[in-house]
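Listed below, chain by chain, are the residues.
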Amino acid sequence: MNRKPFAITLDPNSSLANHTGNWRTMKPVYVDRLPPCNQACPAGENIQAWLYHAEEGAYEEAWRRLIEDNPMPAIHGRVCYHPCETACNRGQLDEAVSIRAVERFLGDQAILHGWQVPCAPPTGKRVLIVGAGPSGLSAAYHLTRMGHAVTIHEAAAKVGGMMRYGIPAYRLPRNIVEAEVARIEAMGVTIRLNTRVEDLDATIKTGGFHATFLAVGAHLARRIDIPGVDAKRMLDAATFLSRMESPFPYKLGRRVAVYGGGNTAIDVARTAERLGAEPVIIYRRDAVQAPAFKEEVAEAAEEGVRFHWLRAITKADHDKLTVEVMEMDEQGKPKPTGRFETIEADTVILALGQKADTGFLRNIQGIRVSDDGTIEVDECMMTGHPGLFAGGDMVPGEQSVSMATGHGKRAARHIDAYLRGTLYVKPPVHPLATFDRLNGWYYTDAEQSKQPILALARRRATFEEMVGGLDAGTALLEARRCLSCGNCFECDNCYAVCPDNAVIKLGAGNRFAFNYDYCKGCGLCAEECPCGAIDMVKDLK
Amino acid sequence: MPEQRIKFYQTGTYTAGNRLLNEEARTVQSRMDRTNSLNSGHRACQGCGEALGARYAVDAAMRAAHDRLIAVNATGCLEVFSSPYPESAWQIPWMHSVFGNAPAVASGVAAALRAKGREDVKVIAQGGDGATVDIGFGCLSGMFERNDDVLYLCYDNEAYMNTGIQRSGATPPFARTNTTQAVGETPGNLPSTGKNLPRIAMAHGIPYVATASVADLHDLEAKVTRAMAVQGARYLHIHVPCPLGWGSDPAHTIKVARMAVESGLFPLFEAQFGTVVDRMPIRHKVSVEQYLELQDRFKHLFGPPRNTDAIAAIQAIADANIATYGLTA
Ligand SMILES: Cc1cc2nc3c(=O)[nH]c(=O)nc-3n(C[C@H](O)[C@H](O)[C@H](O)COP(=O)(O)OP(=O)(O)OC[C@H]3O[C@@H](n4cnc5c(N)ncnc54)[C@H](O)[C@@H]3O)c2cc1C
Ligand SMILES: Cc1ncc(C[n+]2csc(CCOP(=O)(O)OP(=O)(O)O)c2C)c(N)n1
Ligand code: SF4
Ligand code: SF4
Ligand SMILES: [Mg+2]
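Residues numbered from 1 in each chain as written. Chains lettered and ligands numbered in written order. Predicted model: local features only at pLDDT ≥ 70, side-chain atom pairs only at ≥ 80, totals over all residues. Heavy atoms only, no water.

## Regarding the pattern of salt bridges
All names here are of chain A.
Then comes step 1: Per the counting criterion, the structure on display carries 56 salt bridges over all chains.
Then comes step 2: Lys-315 serves as the salt-bridge partner of Asp-317, at 2.9 Å between the closest nitrogen and oxygen.
Then comes step 3: Using a relative accessible area of 23% as the deciding quantity, one classes Asp-317 as partly exposed.
Then comes step 4: Through salt bridges with shared partners, a single network forms among Arg-270, Arg-274, Glu-296, Glu-299, Glu-302, Glu-303 and Arg-459. (Salt bridge = Lys/Arg side-chain N within 4 Å of Asp/Glu carboxyl O. Buried < 20%, exposed > 50% of the residue type's maximum accessible area, 1.4 Å probe, protein only.)

Right, dumping it as structure tokens:
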């Protein structure tokens, strides 16, 4: 029928004929930004990406995404200093996402369910790793996943480095360390215990290794001379804590003085408390300047540890110490006052830090050892000696489990490239997803989930783990507190708020696209994107 | 409002969609099969709140009516920008008569459908604030009085925008329009004038009256959906910022609307048979300044010299709304 109905002269056309996109001077573009948590993680985790899976309760997928970067989530979930949480944008809204607690939950799930890691086909290359602390283990894991055959030589009788011989068991139960190491071993990593490397050249030659990663940590205690002290009653933190792993821990006196203001001093004092002693911490500066975490200082105090701030030990007698009262000068330095006090003590433990024991490397060609014993490495984690890489506490920088683990990953990538005769090129990083780019209105207020804490009486007398884990319910809620800073999480806001129907929804997992034929460039989508994943850019035709 | 507010979800129910929400808790606008009743290519300004409000409301009505819907439109921006002859941006049966008679035409359509026994087809009428509170008011009051089976949607952008920003009965106190210039003793629109149409509609005792805003998509859709389930005359008054007439950034359309809600100036409530039955509490309270500052039509209040009395008077209106509707709890 080509007869028009009454009073209609033309077929109505669709407004689609009108390309309103040509009104535009600015256009929206989807961007991905680097979330602050990811940026802050020393182990280089893509936290937001694994939280994304955890938000759906897909814990195994979350764990698998996590271990692409860090093979020891149950350990990190307990002892990592969580710089991610300090950086978390949610901290500016209410409280940071408890990233570490969710990481621990995932790590514990993996141990519970026995999740394993697949490896790549063998490349025929052999890598020697010296030291089975977090750095060595992390490198071993990544290299094995790339198909290289890894052998670790470890001086101690058990694996773990400072995760076993330093960090007390009430913060890091040893079965957790064993479970995560066992999973790495099950991938085919050979670990030779009680095997101290003394002659590196010879070890490399006899083993036929194509590359080496050094991760011997920092185990040499820094000491000071205290007049009058009797060597039997004075020991250092590293020695004291590592003896906790032997069947014969030290027999301490009743009054134990711990000298130092760092986290190690706190660990020592809290360990002594659990052994039945009455520990006091003596430190030359004040509580504000002490490098120990304030939270740990408070927990130690709760457990009964006493503190003598601004006191320097000048003399040690049979059962007492002479200390000089210090005061802070204008520059914030402690200075002596000439006033003295005595503190009763029958044992003194020095917690003044550790240095790397790198004497065995002095004769290796090209290696540069700094005065403090650390080894210099380039941005590829390679020492001055080709094929010889190093990381963890033995290289300059922050000393922590996550930093050591991150070094292990970074070294593994460069070792892999070295073995293949190529160069590892780091993918470009996105600009930061800052808080001001978020649209907070769309996020529900939700408090941080709290982890259970062991009763004080048990904390004072046993080495039971002090902090409990989240359960499936709280872990899910906690993961869902993530704001997905800077990366589209498919909330459909842009698709909904466009007055011009110029946003195309591509379906679950595929995000969105702009229909620039009709986009007028008003900028509503960018303004209403909760996570800041849309930029408005100039579009002058 | 009665729909579920999920706590602890990444973004609660506030974003349009989100994979963590079950299907029913997502909005119509988040669906790939939404009607796009008002399609691309229309000639509304950048960031037009009215185009957005119409897309939200009519798509939700279409879904509620199982796609059997007829829309009647009053003259105004929505009609003009969507249907310059011979183009139409409407993907639904849509008709326009004149400026003041949309409620009467819609009543006629509803009567015709009833006569034909087509109970499956639903009718909506829509118009701007001028068409609704001023010129079409008589027709609307008649539609209410007869309790005709029509959902009337008023897109309130607080002036006659299509003809160049003239004052309407819905223009707020002190706002500058082209007929209420910011000059003289009381610059802008005279306070204590104008009409509150939702209250007038309620006074008719019709089954359903509600207010909504483009700032809260979930709430808006829920109200359209509930209204569509009711038989008889229904009225929904939707706050839709107009970047051109209000002198606001087109990107801020939703933000401006949100500030109106969060300051208490535009209360969101629902009424049945003349009685308020529910209201949307303010989530993050803001001062009226935070709303006014975003718009050039109130620029004259910020001086110099700053018109503290006028700002205080506007704040008093917001505070009275908060008290009347209980918006803080
Ligand atoms: C008391 C204490 C508490 C700590 N608490 C925390 C904490 O809560 N969170 C945190 O992030 N970090 C903590 N740290 C720091 C953290 O433990 C270290 O930064 C981290 O373990 C360093 O890892 P690594 O692999 O470099 O070295 P290590 O863990 O020290 O491991 C080095 C390994 O190399 C072996 N080795 C050494 N020399 C040789 C050799 N010549 N041949 C073969 N093997 C050798 C050692 O036996 C050891 O097993 C703590 C440290 C201490 C001392
Ligand atoms: C009887 C009559 N008078 C005046 C006009 C001119 N006119 C067309 S639209 C309009 C204003 C519409 O204002 P409103 O209803 O608020 O809608 P808006 O454009 O603001 O969305 C006017 C005055 C007309 N079309 N018919
Ligand atoms: S909210 Fe999520 S993405 Fe943003 S910083 Fe925190 S954990 Fe990372
Ligand atoms: S004048 Fe206002 S209501 Fe009219 S199309 Fe422009 S923004 Fe929309
Ligand atoms: Mg209007």
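## A closer look at the interface of chain A and chain B
Then comes step 1: The partner chain B presents 52 residues to the 53 residues of chain A that form the contact.
Then comes step 2: Between chain A and chain B the total buried area reaches about 4500 Å² when both faces are included, carbon and sulfur atoms providing 50% of it.
Then comes step 3: Where chain A meets chain B, there are three salt bridges.
Then comes step 4: Among the ionic pairs, Arg-19 of chain B bridges to Glu-56 of chain A, the shortest N-O distance being 2.6 Å.
Then comes step 5: Counting only elements with at least two residues in the side of chain A that touches chain B, the list comes to β1 (13–14), α2 (47–55), α17 (493–497), β18 (503–505) and α18 (524–528) of chain A.
Then comes step 6: Per-class residue counts for the side of chain A that touches chain B are 26 nonpolar, 14 polar and 13 charged.
Then comes step 7: As paired strands, β1 of chain A and strand β2 (residues 87–88) of chain B are joined by two bridges and run parallel to one another. Paired with Ser-14 of chain A across the two strands is Ser-88 of chain B, which belongs to β2 of chain B. (Contact = heavy atoms within 4.5 Å. Buried area = accessible area lost by both parts, 1.4 Å probe. Helix = DSSP H or I, 4+ residues; strand = E, 2+ residues; numbered from the N terminus. Nonpolar A, V, L, I, M, F, W, Y, C, P; charged D, E, K, R; others polar. Pairing = 2+ DSSP bridges.)

## Some details on the nonpolar core
Then comes step 1: Within the largest apolar cluster, 70 residues are counted, with the highest numbers of intra-cluster contacts made by Val-58, Ile-124, Leu-153, Tyr-155, Val-224 and Ile-238 of chain B.
Then comes step 2: The element best represented in this core is helix α1 (residues 49–64) of chain B, accounting for nine residues.
Then comes step 3: Ile-124 of chain B has contacts with Val-58, Ala-61, Leu-69, Ile-70, Ala-71, Val-72, Val-150, Leu-151, Leu-153 and Met-228 of chain B, leaving out every residue within four places of it along the chain.
Then comes step 4: Listed in part, the 63 residues of the second largest apolar core include Tyr-59, Val-181, Phe-389 and Leu-470 of chain A. (Core = buried A, V, L, I, M, F, W, Y, C linked by side-chain atoms within 4.5 Å.)

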